[in-house]
Amino acid sequence: MKRSDAFELICPKCGNRLIKRGNSLYCGENHCYDVAKTGYVNFVLGGKKESGDAKELIEARERVMKKGYYRALYDFVKGEFSFGAGDVVVDAGTGDGSFAGKLKEFFPSAAVAGTDLSKYAISRAAKKYPDVFFAVANNRRLPFADSSLKALFGVFTTAFPEEAARVIAKGGFLVKITPGKNHLLGLKRALYENVRLNEEDESVPAGFTREKTIRLRGVYHAVGEEIKDLAGMTPYSVKSPRNSLERLYAMETLDTETEFRTDVFRKE
Ligand SMILES: C[S@@+](CC[C@H](N)C(=O)[O-])C[C@H]1O[C@@H](n2cnc3c(N)ncnc32)[C@H](O)[C@@H]1O
Ligand SMILES: [Zn+2]
């Protein structure tokens, strides 16, 4: 139960505040959410249309993350922010939870949470990062009270700017990480003859001002099966012609650019 204590949680169904009773959280309308033994809470109950990433994909991402895929991003976050006691920081669409784990490592006195639609991802992450609060939740409807967050990170996940504007406090940060123009160019070149650069989103969400936009560049070196793991994280593994994929998977090594476009917005 301890891990959820630092957060002002609300019921995603009715918006009322949640109160702890035993091992469950209840709202005034008597909607109830159980806290799992590992401390995570599932806020997406019942028949759901959206379910988040599948097991295989989560595990492939986990292996890629372990190889330092986000190193440049970690260095940036560590140097750019200084979250401390009383600050609530959330990684929405956290996947394997490793980015949320890093946030807690960099800012140990801040309260850090990771949310994702995938129950598999969250139950696994909760075991690996015991100091982070994890919740199965939709980015469209987060279980946090209005203006209760110092920062909301969204790394390669679905963005809901209005919901971000609701949960982030005045002066707080929305940090959006998306594929830069040249992201995974080497991988795309190995698959296609004519490669198009990624389009970047230049919009500023309503209620925010742009603080900074930078492109964090690196090179990812994949060997053998790691090529399949990397491709599996991208839409190319589904969209590309079969023979191109077979050629890619037969390669011994692949070096490819990574380019993480990082937009830091500040809540007005
Ligand atoms: C490409 S993965 C990125 C995972 C992680 N942020 C990372 O960078 O390694 C996208 C993640 O967003 C989650 N996701 C997609 N749509 C979502 C939504 N509407 N609400 C919550 N999570 C969502 C998926 O389940 C998946 O784990
Ligand atoms: Zn409720």
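Please read all numbers here as calculations on a predicted model, not as lab measurements.

Scoring rules and cut-offs
- Residues numbered from 1 in each chain as written.
- Chains lettered and ligands numbered in written order.
- Predicted model: local features only at pLDDT ≥ 70, side-chain atom pairs only at ≥ 80, totals over all residues.
- Heavy atoms only, no water.
- Pairing = 2+ DSSP bridges.
- Helix = DSSP H or I, 4+ residues; strand = E, 2+ residues; numbered from the N terminus.
- Contact = heavy atoms within 4.5 Å.
- Axes fitted to C-alpha atoms, helices over the stretch in contact; angles between N-to-C directions.
- Donors = N, O, S within 2.8 Å, 3.2 Å for Na, K, Ca; no water.
- Tetrahedral: all angles 85-135°; square planar, octahedral: opposite > 155°, others 65-115°.
- Phe/Tyr/Trp six-rings, centres within 6.5 Å; stacked < 30°, edge-to-face > 60°.
- Lys NZ or Arg CZ within 6 Å of the ring centre and 35° of its normal.
- Near = heavy atom within 4 Å.
- Polar contact = N/O pair within 3.5 Å; in protein donor to acceptor, adjacent residues only side chain to side chain.
- Areas by Shrake-Rupley, 256 points an atom, 1.4 Å probe, with all protein chains shown as cover.
- 1 Å grid on protein atoms, 1.4 Å probe; cavity = no way out; pocket = protein on both sides within 12 Å on 5 of 7 lines; lining within 4 Å.
- Sits in = over half its atoms within 2 Å of the grid points.
- Nonpolar A, V, L, I, M, F, W, Y, C, P; charged D, E, K, R; others polar.

*Asks:* Looking at this model, I keep getting lost on the sheet that holds strand 6 (residues 111–116). Mind explaining?
*Replies:* Backbone hydrogen bonds are what pair the strands of a sheet, in a parallel or an antiparallel way. With mixed pairing, 8 strands are arranged side by side in an open sheet as 4-7-6-5-8-9-11-10. Each of the sheet's edge strands pairs with one partner strand only, and the pair in question is strand 4 (41–42) and strand 10 (208–223). Relative to strand 7 (residues 133–136), strand 6 runs parallel, the two being bridged by 4 bridges. Note that in strand 7 the partner of Thr 115 across the bridge is Ala 135. Lying over the sheet, helix 2 (residues 71–80) contacts strand 8 (149–155), strand 9 (168–179), strand 10 and strand 11 (253–267), oriented at roughly 145° with respect to strand 10.

*Asks:* Honestly, the coordination of the zinc ion (ligand 2) in this entry has me stumped. Any pointers?
*Replies:* Reference values for angles at a metal are 109.5 degrees in the four-donor tetrahedral case and 90 or 180 degrees in the six-donor octahedral case. Note on the zinc ion (ligand 2): its protein donors are Cys 11 (SG), Cys 14 (SG), Cys 27 (SG) and His 31 (ND1). The metal-donor distances range over 2.1 to 2.3 Å. Coordination at the zinc ion (ligand 2) is tetrahedral: its 4 donor atoms span angles of 101 to 120° at the metal. As a motif over one chain, the donors of the zinc ion (ligand 2) read C-x2-C-x12-C-x3-H. With a gap of 13 residues between them, Cys 14 in the segment before strand 1 (19–21) and Cys 27 in the loop between strand 2 (24–26) and strand 3 (32–34) connect regions that are remote in the sequence.

*Asks:* Explanation requested: the packing of aromatic side chains in the structure shown.
*Replies:* One pass over the structure, following the stated rule, counts 22 aromatic pairs. Their ring planes at 70° and their centres at 5.4 Å tell us that Tyr 69 and Phe 260 sit as a pair that is edge-to-face. Residue Tyr 69 is located in the loop between helix 1 (55–66) and helix 2, and its partner Phe 260 is located in strand 11; the two are separated by 191 residues in the primary sequence. Directly above the ring of Tyr 26 sits Arg 21, whose terminal nitrogen or CZ lies 4.1 Å from the centroid.

*Asks:* Just checking my understanding: could you explain the site of ligand 1 for this structure?
*Replies:* For ligand 1, the set of nearby residues contains 18 residues, the closest of which are Tyr 70, Gly 93, Asp 116, Asn 139 and Thr 158. Contact between ligand 1 and Asn 138: a nitrogen atom at 2.9 Å from a side-chain N or O atom of the residue. Its free accessible area being 590 Å², ligand 1 has 90% of it covered by the protein chains. Judged by its atoms lying within 2 Å of the grid points, ligand 1 is housed in the largest pocket. Grouping the amino acids of the shell around ligand 1 by side-chain chemistry returns 7 nonpolar, 8 polar and 3 charged.

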